[in-house]
Amino acid sequence: MRQEFNGHGASRGSALGRARVRLPHVLEVLEEHIPAKAVEGEVARLHAAIATVRNEMFALRERLHGALVHEVGEFLDLHSLLLDDPELLNGLDELIRTGRYSADYALRLQRDRIASVFQTMDDAYFRSRVDDIDQVIGRVHAALHRHDSSISGVAGEILVTDNVAPAELVQLQAQGVMAIVTTAGSVLSHSAILARSLHLPYVVGAAQALQRINDGDVLAVDGASGRVVLEPDANDLRSHRGRVRELARERKQLHRLRREPTRTTDGVDIKLFANAESRDDVAEAHALGAAGVGLYRTEFLFLQRNELPDEDEQFRVYRDVVLGMTGRTVTIRTLDLGADKADRTGLALRDEPNPALGLRGIRLSLARAGLLESQLRALVRASGYGPLRILLPMISSREEVRAVRSMLKRVTARLREEGHEVAEQVPLGAMIEVPAAAIALPTFIGAVDFLSIGTNDLVQYLLAADRNNEALVNLYTPLHPAVIRLVRDVIRLGESKGKPVAVCGEMAGDPHFAPMLLALGLTEFSLHPATLLELRRTIRHCDLGQLKANAAALLRARDRTAIEEWIHANAPAV
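Because the structure is a prediction, the values reported are computed rather than measured. (Residues numbered from 1 in each chain as written. Predicted model: local features only at pLDDT ≥ 70, side-chain atom pairs only at ≥ 80, totals over all residues. Heavy atoms only, no water.)

Moving on, we come to the overall build of the chain. Each helix and strand in the chain was counted, giving 24 helices and 16 strands. In the chain, buried positions account for 54% of the 574 residues. Sequence-distant contacts, at least 24 apart, represent 70% of the contacts inside the chain between residues at least 6 apart. (Helix = DSSP H or I, 4+ residues; strand = E, 2+ residues; numbered from the N terminus. Buried < 20%, exposed > 50% of the residue type's maximum accessible area, 1.4 Å probe, protein only. Contact = heavy atoms within 4.5 Å.)

Structure (structure tokens):
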């Protein structure tokens with residue numbers, strides 16, 4: 001019988017297929033004791049299962065490329081850390097040896113112990129990590145019984161579950177899964193962002209879906225509206241076919257925009273830069289007519305290796321990025337790693353209770369002067385092959401910018417003495433993602449050549465809300481009046497001082513937000529190539545003069561609802 005579920009559209013697209021239901025992972029394992037003579041064999045069996053899961057995650061990490069390295073890699077890294085956690089491993093061994101429990105029951109007991117500790121923590125971020133524990137324990141449990149511990153899907157299926165990890169999305173799409181429906185999750189989560197990059201229809205917050213949908217049921221999913229229909233009728237099927245035709249027509253229209261200018265209806269050119277992380281990303285950005293690369297992440301060079309990349313290796317990568325854009329500006333961000341990942345790169349750092357607020361970004365680079373000098377030398381050498389800019393992450397003070405500027409000057413002079421051909425000047429910019437940097441910008445804007453607003457972290461830090469914490473889904477939003485005003489202030493100050501300002505966070509890639517950002521004065525966007533053409537289409541239907549005339553009403557908005565109403569009223573007819 002037909003039923004309808006209304007969730008939140010997290011990734012556009014329309015899908016029709018059979019349901020594959022995955023219930024929330026719970027280890028329903030009965031208490032089981034083993035004889036003393038079987039203890040060491042059980043410990044060995046458990047260790048073999050853990051090794052199997054570790055190898056599976058490493059193999060998946062090796063298959064990732066481009067933006068997937070950034071979006072998925074950090075979750076695989078976290079799961080690898082959990083597998084290597086001494087408290088988890090020693091606790092399991094002790095339960096088997098002293099309690100003579102089976103490996104299955106030891107897993108359940110240890111999972112419950114660790115989860116109970118996390119759930120009592122005051123920090124919402126750590127409470128939300130229980131899902132990661134369950135995913136890791138679930139993989140090990142499956143490996144114990146010689147099952148593939150990774151999630152599986154069948155081509156033509158629609159997965160219905162409570163939540164899905166970013167790493168699983170990559171596997172599911174490769175297996176031909178057509179859409180994802182979850183009862184939990186957020187449209188701003190890492191999984192949602194990745195689903196949009198993969199063009200995989202994704203609906204979150206579809207309450208009652210797990211209680212009402214069974215394996216094999218037919219579902220029609222609209223990833224834009226968030227509507228899920230169980231056992232669709234003739235009208236639903238006609239609607240689905242209509243959406244499919246419309247999406248095909250839209251893709252064809254978007255394809256025509258690859259060589260069109262990003263120009264508003266009143267004749268103002270807007271620059272669309274691409275975020276990139278690999279040669280493939282750079283090639284796609286070039287093919288789509290991007291103005292250049294607005295954010296090239298360098299972390300992938302440092303992750304999943306036992307030693308730091310040397311200057312020559314870095315130089316070759318940066319040079320190839322510059323050459324790949326054939327004269328268009330390339331903005332390369334210096335290393336943005338924290339203590340939670342840096343130890344696997346050859347950088348020995350002590351553990352930090354909250355890496356997001358710790359020694360990361362430019363703080364880490366300045367603390368390891370040799371590391372920063374090597375990267376700056378490689379970047380300046382690459383500047384001899386085309387226009388290149390250097391972007392500094394996690395800036396919070398004038399002193400940090402001045403320290404890097406001083407080192408950059410020394411490095412450039414030394415390279416010239418060594419006979420290298422380098423640019424006459426390499427522009428140096430700051431990422432504005434720490435609220436203190438946005439507020440104190442007047443004190444150091446003279447020390448930088450351009451600015452890039454990283455809205456993902458800026459929103460998190462400004463609102464003290466983790467975007468992956470489902471309990472805070474209504475609080476974490478770029479549509480908070482404080483966010484709007486702070487972004488406006490940064491853009492206005494940059495304009496008054498002649499410093500280009502771009503937005504490079506997720507906010508920049510959402511066409512829904514484009515009229516609002518244009519009204520605030522933004523003329524440079526940096527986004528994932530996957531949504532570049534959609535954004536170009538939206539901007540080409542915007543009247544910039546009218547939007548700026550309406551900006552005063554936007555800035556008077558007192559809450560999220562009023563801002564959403566402004567966006568709706570000023571959305572162009574596309």
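Let's pick the thread back up.
Moving on, we come to the sheet that holds strand 14 (residues 450–453). Reading around the circumference, 9-10-11-12-13-14-15-16 is the order of the eight strands in this closed barrel, with parallel pairing throughout. Taken over all neighbouring pairs, the strand axes of this sheet differ in orientation by 25 degrees on average, direction set aside. Alignment of strand 13 (residues 428–432) against strand 14, held across four bridges, turns out to be parallel. Each residue of the ladder has a partner; that of methionine 431, found in strand 14, is serine 452. Lying over the sheet, helix 12 (residues 311–324) contacts strand 10 (292–296), strand 11 (329–333) and strand 12 (388–392), oriented at roughly 150 degrees with respect to strand 11. With respect to the sheet, helix 21 (residues 532–539) is in contact with strand 9 (271–276) and strand 16 (524–527), its orientation differing from that of strand 9 by roughly 165 degrees. (Pairing = 2+ DSSP bridges. Axes fitted to C-alpha atoms, helices over the stretch in contact; angles between N-to-C directions.)

Packing of helix 12 against helix 15 (residues 369–382) brings their axes to within 8 Å, and their N-to-C directions diverge by 35 degrees. Classified by chirality, the crossing of helix 15 by helix 12 is right-handed. Packed against helix 12, whose contacting residues are Glu311, Asp312, Gln314, Phe315, Tyr318, Arg319 and Val322, the element helix 15 presents Ser374, Gln375, Arg377, Ala378, Leu379, Arg381 and Ala382 at the interface. Residues that form the contact of helix 12 with helix 15 fall into these classes: six nonpolar, three polar and five charged. (Left-handed = near helix turned anticlockwise from the far one by under 90°. Nonpolar A, V, L, I, M, F, W, Y, C, P; charged D, E, K, R; others polar.)

With that settled, consider helix 11 (residues 279–287). Within helix 11, the full set of buried residues consists of Asp281, Val282 and Ala285. One side of helix 11 holds all its buried residues, which, seen down the axis, span an arc of 100 degrees. Note on helix 11: the residue one or two positions beyond its end, glycine 289, has a positive phi of about 80 degrees. (Arc of directions from axis to C-beta.)

A few words now on the sheet that holds strand 3 (residues 14–21). Sheet architecture is open: eight strands sit in the order 1-8-7-3-4-5-6-2, paired in mixed fashion. Every other strand in the sheet has two partners, leaving strand 1 (3–6) and strand 2 (8–11) as the edge strands with one partner each. Recorded for the sheet is a direction-independent mean angle of 30 degrees between the axes of neighbouring strands. Seen against the sheet, helix 8 (residues 190–198) touches strand 2 and strand 6 (202–204) and runs at an angle of roughly 60 degrees to strand 2.

Within the fold, serine 102 resides in the loop between helix 3 (86–99) and helix 4 (103–119). Those residues in contact with serine 102 that lie beyond four places of it in its chain are Glu32, Ile34 and Glu42.

Moving on, we get to the nonpolar core. General note: in soluble globular proteins, nonpolar side chains tend to be found buried as a group. Core analysis: the largest hydrophobic core is formed by 101 residues, its most contacted members being Met516 and Phe525. Look past the residues within four positions of phenylalanine 525 in its chain and what remains in contact with it is Ile270, Lys271, Leu272, Phe273, Val503, Ala508, Ala514, Leu517, Leu518, Leu535 and Ile539. Formed by 25 residues, the second largest nonpolar core is a distinct cluster that contains Val53, Leu95, Tyr101 and Ile133. (Core = buried A, V, L, I, M, F, W, Y, C linked by side-chain atoms within 4.5 Å.)

Our next topic: the packing of helix 18 (residues 455–463) against helix 19 (residues 481–496). Running from N to C, helix 18 and helix 19 cross one another at 125 degrees; their axes reach a closest spacing of 10 Å. As judged from the angle between their axes, helix 18 and helix 19 are oblique. In the crossing of helix 18 with helix 19, the sense of the turn from one axis to the other is right-handed. Residues Leu458, Val459, Leu462 and Leu463 of helix 18 form the contact with helix 19, whose own contacting residues are Ala482, Val483 and Leu486. Taken together, the residues that form the contact of helix 18 with helix 19 break down as seven nonpolar, no polar and no charged. (Parallel < 35°, antiparallel > 145°, perpendicular 65-115°, else oblique.)

Attention now goes to the packing of aromatic side chains. This structure, assessed with the given rule, holds three aromatic pairs. Seen from their ring centres, phenylalanine 315 and tyrosine 385 are 5.9 Å apart, and the 55 degrees between their planes marks the pair as tilted. A residue pair is termed long-range when its members are at least 10 positions apart, and phenylalanine 315 in helix 12 and tyrosine 385 in the loop between helix 15 and strand 12 qualify at 70 residues. Residue class for phenylalanine 315 comes out buried when judged on its relative accessible area of 9%. Looking at arginine 389, its charged tip hangs above the ring of phenylalanine 450, at a distance of 3.8 Å from the centre. (Phe/Tyr/Trp six-rings, centres within 6.5 Å; stacked < 30°, edge-to-face > 60°. Lys NZ or Arg CZ within 6 Å of the ring centre and 35° of its normal.)

Turning our attention to the pairing of strand 5 (residues 179–182). Covered by surrounding structure in strand 5 are Ala179 and Val181 together with Ile180 and Thr182, the residues of both alternating faces. Summarising the sheet, strand 4 (residues 157–161) and strand 5 pair through four bridges and their orientation is parallel. Counted as the bridge partner of threonine 161 is threonine 182 from strand 5. Both strand 5 and strand 6 contribute to a ladder of two bridges, which runs parallel. Bridge pairing in strand 6 places isoleucine 180 opposite tyrosine 202. A crossover connection joins strand 5 to the parallel strand 6 through helix 8; in handedness this β-α-β unit is right-handed. (Right-handed = clockwise from strand over helix to strand, strands pointing away.)

Here the focus is the pattern of salt bridges. Tallying each qualifying case throughout the model produces 32 salt bridges. Between arginine 2 and aspartate 236 there is a salt bridge, with its nearest N and O atoms 2.6 Å apart. Of this pair, arginine 2 sits in the segment before strand 1 while aspartate 236 sits in helix 10 (residues 234–256), and the two are 234 residues apart along the sequence. The exposure class of arginine 2 is partly exposed, given its relative accessible area of 33%. With a relative accessible area of 6%, aspartate 236 lands in the buried category. Where glutamate 260 meets arginine 540, a salt bridge forms, and the shortest distance between an N and an O atom there is 4.0 Å. Of this pair, glutamate 260 sits in the loop between helix 10 and strand 9 while arginine 540 sits in the loop between helix 21 and helix 22 (544–549); the two residues are 280 residues apart in sequence, bridging distant segments of the chain. Each of Arg2, Glu4, Arg227, Asp233 and Asp236 takes part in salt bridges that share partners, so that together they form one network. (Salt bridge = Lys/Arg side-chain N within 4 Å of Asp/Glu carboxyl O.)

So, on to unusual backbone geometry. Trans is the prevailing form of peptide bonds, just as negative phi is the prevailing case for residues other than glycine. Within the chain, glutamine 208 stands out as a residue other than glycine whose phi angle is a positive 70 degrees. Within the element layout of this structure, glutamine 208 appears in the loop between strand 6 and helix 9 (209–212). A relative accessible area of 38% means that glutamine 208 is categorised as partly exposed.

Looking along a regular strand, one sees side chains alternate from face to face of the sheet. Across the five residues of strand 12, five count as buried, placing the element largely inside the fold. Because side chains alternate across strand 12, one face comprises the buried residues Leu388, Ile390 and Leu392, and the other comprises Arg389 and Leu391, equally buried. One ladder, built from four bridges, connects strand 11 with strand 12; its direction is parallel. Each bridged residue has a counterpart across the sheet, and for threonine 331 the counterpart in strand 12 is arginine 389.

Let us look at helix 19. In an α-helix there are 3.6 residues to a turn, and that puts residues three or four apart on one side. Along its 16 residues, helix 19 runs 22 Å from first to last C-alpha, staying within 8% of the 22 Å computed at 1.5 Å per residue. Within the sequence span of helix 19, burial applies to Pro481, Val483, Ile484, Leu486, Val487, Arg488, Val490, Ile491, Leu493 and Gly494. In the segment just after helix 19, glycine 498 is the residue with positive phi, at about 70 degrees. (Expected span 1.5 Å × (residues − 1).)

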